[in-house]
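Tertiary structure, described
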Amino acid sequence: MTMQDVVNWVVWVSGFVIAIGVLQNAIYLSQLVLAWLALSRRTVVEDSSNVWGKLSDATMPISILAPAFNESKGIVQSIRSLLSMYYPNFRVIVINDGSTDDTLEQLVEAFRLVQVDRDYPMDIPHRPVRGIYTSEMHSRLLVIDKKNGGKADALNAGINVARTPLICSVDADSVLESDALLRAVEPFIQDPARVVAVGGTVRLANGCLIESGAVKKIALPTNLLALFQVIEYLRAFLMGRLSLSSIDSLLIVSGAFGIFRRWVAVEVGGYSLGTVGEDMEIIVKIHRHLSEKERDYEVVFVPEPVCWTEAPENLSTLARQRRRWQRGTLETFFKHGIMLANSRYGRAGIIGFLNILVSDVIAPVVELFGYLVMPIFYFSGLLSFEFFAAYLAMTFVFGIFLSVGALALEEMQIARFPRARDLAVLTAVAVLENFGYRQINNLWRIQGWLEFLRQERGWGAMERKGLSR
Amino acid sequence: MALLNAIWISSAVLAAASVAGMSILIVRRVFSDAAAARGEKRRNELEGLFIRALDGTTEWGGLALSDSDRMMLASIAFDLSKSIRGGTLQTMEHVLSGIGVEDALLEALSNPDPRVRRSAINGLSLFDTRRSFDAVWQLLSDPNADIRLLAARVIVSSSFKFDAKVFCETLELGTAVRSREVRPIVAALAERDPDGVLRTIRASRNPDARVMLIYGLGRSGKYGMVDDLADLLSSPNVNERAESLRALSVLQHPAAADAVRQALTDPAWEVRAQAAQAAADIGMTDVAPALERMLDDEMWWVRYRAAESLWLLGEQGQRLLLAHSAGSDPAGLVAQLVIAERTEAAA
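Before going into details, it helps to say that this report is about the structure given with it.

Details of the overall build of chain B
The helix and strand tally for chain B stands at 20 helices and zero strands. For chain B, whose C-alpha radius of gyration is 29 Å, the value lies well above the compact-globule estimate of 20 Å for 347 residues. Viewed in the frame of its principal axes, chain B has a C-alpha envelope of about 75 × 75 × 50 Å. Evaluated residue by residue, chain B yields a buried proportion of 50% over its 347 residues. With 38 positive and 45 negative side-chain charges, chain B shows a separation of 4 Å between the mean positions of the two kinds.

So, the overall build of chain A
When its secondary structure is counted, chain A shows 14 helices and twelve strands. For 469 residues, the compact-globule estimate of 2.2 N^0.38 gives 23 Å, and the C-alpha radius of gyration of chain A, at 23 Å, lies within 12% of that figure. C-alpha atoms of chain A, sized along the principal axes, occupy 80 × 45 × 45 Å. The buried share of chain A, taken over its 469 residues, is 61%. Across chain A, the fraction of contacts at a sequence separation of at least 24, relative to all contacts at a separation of at least 6, is 80%. Of the roughly 17,900 Å² that chain A leaves accessible, carbon and sulfur atoms contribute 57%. Put simply, chain A has 46 plus and 47 minus side-chain charges, and the middle of one group is 1 Å from the middle of the other.

Some details on the pairing of strand β1 (residues 62-68) of chain A
Note on strand geometry: in a regular strand, side chains alternate between the two faces of the sheet. Residue and element names in this part refer to chain A. Of all seven residues in β1, seven are buried, a share of seventy percent or more. In the sheet, β1 pairs with strand β6 (residues 166-170) via four bridges, with the strands oriented parallel. When the sheet's bridge partners are listed, I64 is paired in β6 with C168.

Thoughts on the environment of S99 of chain A
All names here are of chain A. Here S99 shows up in the loop between β2 (90-97) and α4 (103-111). Taking the C-alpha atoms as reference points, S99 and E71, 28 residues apart in sequence, are found 7.9 Å from one another. Setting aside chain neighbours within four positions, we find S99 in contact with A68, F69 and N70. Here the side chain of S99 touches N96 through a polar contact of 2.6 Å, side chain to side chain.

Digging into the pattern of salt bridges
Taken as a whole and assessed by the stated rule, the structure comprises 47 salt bridges over all chains. Across the salt bridge formed by D422 of chain A and R419 of chain A, the nearest N and O atoms sit 3.1 Å from each other. Judged by relative accessible area, which is 2%, D422 of chain A ranks as buried. One salt bridge connects R210 of chain B with E240 of chain B, and the closest N-O pair in it is separated by 2.7 Å. Linking R210 of chain B in helix α12 (residues 207-219) with E240 of chain B in helix α14 (residues 238-251), this pair joins segments that are 30 residues apart in sequence. Relative accessible area serves as the criterion here: at 4%, E240 of chain B is assigned to the buried category. When salt bridges that share partners are traced, they join D191, R194, D296 and E298 of chain A into one network.

Focus on empty space enclosed by the protein
Residues and elements named next belong to chain A. Tallied over the entire structure, the rule returns three cavities of 30 Å³ or more. The calculated volume of the largest cavity comes to roughly 160 Å³. Lining of the largest cavity is provided by 18 residues; of these, R203, L204, V230, L234 and F417 occupy positions nearest its centre. Going through the elements one at a time, β8 (195-204), α7 (224-246) and β12 (298-309) are the ones with two or more residues in the lining of the largest cavity. At five residues, the largest contribution of residues to the lining of the largest cavity is made by α7. The volume enclosed by the second largest cavity comes to roughly 110 Å³. As for the second largest cavity, its lining consists of V17, I20, G21, Q24, N25, A363, V366, E367, Y391, M394, T395 and R438.

Topic: a nonpolar patch on the surface
Side chains of L29, V33 and L37 of chain A sit close together on the surface and give an oily, nonpolar patch of about 210 Å² of accessible area. Among the structural elements, L37 of chain A can be located in helix α1 (residues 3-41).

Some details on the interface of chain B and chain A
Taken together, the contacts link 39 residues of chain B with 50 residues of chain A. Of the roughly 3,800 Å² buried at the junction of chain B and chain A (both faces included), carbon and sulfur atoms supply 65%. At the boundary of chain B with chain A, the tally comes to two salt bridges. The closest approach of N and O atoms between R163 of chain A and E341 of chain B, which form a salt bridge, is 2.1 Å. At the junction of chain B with chain A, the criterion picks out five residue pairs in polar contact (both at pLDDT 80 or more). Secondary structure elements with two or more residues in the side of chain B that touches chain A: α1 (2-55), α5 (114-124), α7 (145-156), α18 (300-312) and α20 (330-346) of chain B. It is α1 of chain B that contributes the most residues to the side of chain B that touches chain A, 17 residues altogether. Of the residues contributing to the side of chain B that touches chain A, the split by class is 21 nonpolar, five polar and 13 charged.

A few points about the packing of aromatic side chains
As enumerated under the stated definition, the model contains 26 aromatic pairs over all chains in all. On the numbers, 5.0 Å between centres and 90° between planes, the contact of W300 of chain B with W301 of chain B is edge-to-face. Three or more aromatic residues link up through ring pairs in this structure, and these residues are F333, F334, F353, W449 and F452 of chain A. Positioned above the aromatic ring of F237 of chain A is the side chain of R241 of chain A, whose terminal nitrogen or guanidinium carbon lies 4.2 Å from the ring centre. One Lys or Arg, R183 of chain B, reaches over the ring of Y215 of chain B and ends 4.5 Å from the middle of that ring.

Section: the packing of α1 of chain A against helix α11 (residues 346-379) of chain A
Residues and elements named next belong to chain A. One way to put it is that α1 packs onto α11 with a least axis distance of 9 Å and a crossing angle of 140°. Taken together, α1 and α11 sit at an angle that is classed as oblique. As α1 runs across α11, the sense of the crossing is left-handed. By residue class, the composition of the contact of α1 with α11 is 17 nonpolar, six polar and one charged.

So, the pairing of β8 of chain A
All names here are of chain A. Among the ten residues that make up β8, ten are buried, leaving the element largely enclosed by the rest of the structure. Note that β8 and strand β11 (residues 257-261) share three bridges and pair antiparallel. Residue pairing in the sheet places A197 in a bridge with F260 of β11.

With respect to the nonpolar core
Judged by nonpolar contacts, the single largest core of 140 residues is most densely connected at I79 and F257 of chain A. In terms of residue count, helix α12 (residues 385-413) of chain A provides more of this core than any other element does, 14 residues in total. Not counting residues within four places of it along the chain, the set of residues in contact with F257 of chain A comprises C168, S169, V170, L176, A180, L181, A184, G199, G200, V306 and C307 of chain A. Residues F133, L213, A288 and L295 of chain B belong to the second largest nonpolar core, which totals 107 residues.

What counts as what
- Residue numbering note: each chain is counted from 1, following its sequence as written.
- Throughout, the order in which chains and ligands are written sets their labels, letters from A for the former and numbers from 1 for the latter.
- Where totals are concerned, whole chains, interfaces and linings use all residues; where local detail is concerned, this predicted model gives features only for residues with pLDDT of at least 70, and gives and counts side-chain atom pairs only at 80 or more.
- Hydrogens and waters are ignored; side-chain quantities use all the structure's heavy atoms.
- Only DSSP runs of H or I reaching four residues or more are called helices, and only runs of E reaching two or more are called strands; each is numbered from the N terminus.
- Only C-alpha atoms enter the radius of gyration, while the globule expectation follows 2.2 Å times N to the 0.38, with N the number of residues.
- Three exposure classes are used, based on accessible area relative to the maximum for each residue type with a 1.4 Å probe and protein chains only: buried under 20%, partly exposed in between, and exposed over 50%.
- Charged residues are defined here as Lys and Arg on the positive side and Asp and Glu on the negative side; His and the ends of the chain fall outside this count.
- A charge is said to be at NZ when it belongs to Lys, at CZ for Arg, at CG for Asp and at CD for Glu.
- What makes two residues a contact is simply this: any of their non-hydrogen atoms within 4.5 Å.
- Using a 1.4 Å probe, the Shrake-Rupley method yields the accessible areas, and only the shown protein chains count as cover for residues.
- A pair of strands counts as paired when DSSP detects no fewer than two bridges linking them.
- In protein, a polar contact means a hydrogen-donor-capable atom and an acceptor-capable atom, both N or O and within 3.5 Å, with residues adjacent in sequence counting only if both atoms are side-chain atoms; elsewhere, any N or O pair within 3.5 Å suffices.
- For this document, the term salt bridge refers to a Lys or Arg side-chain nitrogen within 4 Å of an Asp or Glu carboxyl oxygen.
- Detection works on a 1 Å grid of protein atoms alone, calling trapped sets that fit a 1.4 Å probe cavities and calling open sets with protein on both sides within 12 Å along at least five of seven lines pockets, with lining residues defined by an atom within 4 Å of a point.
- Grid points are joined across faces, edges and corners, and a volume is the space filled by probe spheres set on the points.
- Residues enter a patch when their relative accessible area is above 30% and they make no salt bridge; the linking distance is 9 Å between like charges and 5 Å between nonpolar side chains (Val, Leu, Ile, Met, Phe, Trp, Tyr).
- A quick way to say it: buried area is the sum, across both parts, of accessible area lost when two parts are put together, with a 1.4 Å probe.
- Charged means Asp, Glu, Lys or Arg here, nonpolar means Ala, Val, Leu, Ile, Met, Phe, Trp, Tyr, Cys or Pro, and polar covers whatever is left, Gly included.
- In summary, the pairing rule links any two rings of Phe, Tyr or Trp, Trp by its six-membered ring, whose centres are within 6.5 Å, and it sorts them by plane angle into stacked for under 30 degrees, edge-to-face for over 60 and tilted for everything else.
- Distance and angle both matter: a charge sits over a ring if NZ of Lys or CZ of Arg is within 6 Å of the ring centre and within 35 degrees of the ring normal.
- To get an axis, fit a line to the C-alpha atoms, keeping to the stretch in contact for a helix; angles then go from 0 to 180 degrees between the N-to-C directions.
- Roughly parallel covers angles under 35 degrees, roughly antiparallel covers those over 145, roughly perpendicular covers 65 to 115, and oblique covers all other angles.
- Crossing handedness is read from the near helix: turned anticlockwise from the far helix by less than a right angle, it gives a left-handed crossing, and turned clockwise, a right-handed one.
- Among the buried residues, those of types Ala, Val, Leu, Ile, Met, Phe, Trp, Tyr and Cys that are joined through side-chain atoms within 4.5 Å form a nonpolar core.

Right, here's the structure in full:
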């Protein structure tokens, strides 16, 4: 091999790394533009009292499914918060998934639960139910006590017991805005024939003042890692999910807050067991099933903030979470690989799956490869300045535009951050996150890839400080 | 090389531009926060003055009002209108007309911002005048669906007469029925002009629109509609038959009994389930044996509704349910479920 061959090889490899970077950033840029268009075209956003006046007569009954496993500490507060939702006709179904602590006892005592005999259709198989309880205090509350089978299995039991046309999956430790259901159910009201699932924006509650299970004051976290995640969530929800929803390609509705038509959840066999990305997998299953049945349907994303969740504030917990997310995405991608670029599955298969292929399957690997080889190529004199500058632009600089762009989108269309100072802090964070945090995050995604290849199954522990005060 | 240069230079320019743009937004926020604080203060002042004007303790004469003040007053009045009645509402309309609020609102109807048009329609709902009615009618063809529906809500609650069929055509009800927001509108429409709604049902070729209008008839509270709704049970459309039964359930008039009895054996399960519910709502105790047979229906929902209706029909129905509850067949299981639900609710 001559020196010229080596240089040619280096140019080809560098060109490939840059091309993937360009492709990935082009996808993000188009998402930013689509999200901008979607937000600017949406109809008037009402305040809470107007939403009630406008929609309360038209809402459909809904069952909120809250799976709980060893949530003894915060379960009572969380369920009280859910019971105080601002919605005309709903039921809260708590599924105690074989907790080994006193979660059930806490519920029995706090809500004066009594065991009842109840028949329900066994539409989806799940682990045996040990008992069903109703509350003497709250007619809206139902508690299912079942053998441990994981979150997906618990949700499946909840779907069976629910007797409402809509079901809403929530995380027992998240905080919903009081009008979250009303706002999120609106797409079902506007287009009852087509809409089968709706996802809402999830935001980070770190730093916010939370009392009695409700966000009383929105504020930024003081922890830098959490601040980085505030920007990430803005990008993921406001830019990514909204844009994909606007072109019928949304492949995920967050497990922390998602509403489904019960019949569609039953038809696809409920949540799949043995996956760590069950929230994404059920949406992909819905796309696949309804496309194969050639039905007209829609999965919608609601941009208004509806659900607040706690972000990890230390590196090890965050790393576990990101590895798990990556693993879940890959599991779903390869399990339903037939949908990739397959016109039978419409835009979900063509745009949604290609987006995953580039952004989640290929890009992390290529980007890591770039971190390793591009500086070596450049400093050994094998690569020109233009190549190296283009690589740096794709890896570090363009991300600033995307993050700040998402923040600008939030401020111009939603404006939930209460103070100008918050915006200044977040702008600085949006710049900073591209230098270090993005690279570490990419490393975790590669670890997730490796875990996927090793077929690891566990969730890993999630350390939380707790939201309620 | 030119392409590579374009990549890094454009990235750098976009990054710098985004930070500069965000800086402008931050400055804008500082000013808008200050303006919002001033607006809040002005609203409080106007609110105080307006309430005193309603009491007759303050005169507006000589007070300089801008168009934004008038819009703000309309918004204050709209909020207040939800909690006041009778003569005070008329006083409010008089006070607002005297200071040019109606004119400002009529002008705002052509504002390109849908939020402004929305506020203007809400404000104009306080003025029961022909010119406000005509102006709001024009918005039944607004490009924004929310605005169209809001205009429709205001029109059906006004005191001016209009043709229900023309209203439905102008609103393009056939395309709007996907929204359940239409329901309270058609209910109000049917309450004020049930015959007009019936004519529209007969003339419409859109099955979704017909179903929505049948829903309205049920909520009209007009017993005179019972025979017409019973006639609609012969429609070939399942949804129309089911909705007609729902409407008869709401009206709860015994004249519907024969039609409901026949619907208990309808080939469509949705209609059978609805007929079972209607039988209980109307109080048709004589159909208990038919409902008992429906406990063996192939559809779970029909069994469930039949069991519920048996319970609601009183002693005879409950005896039949209890007799079935000992079994472990589908009829027994659904009887157990309904008995458990009902006794829990009672406890």
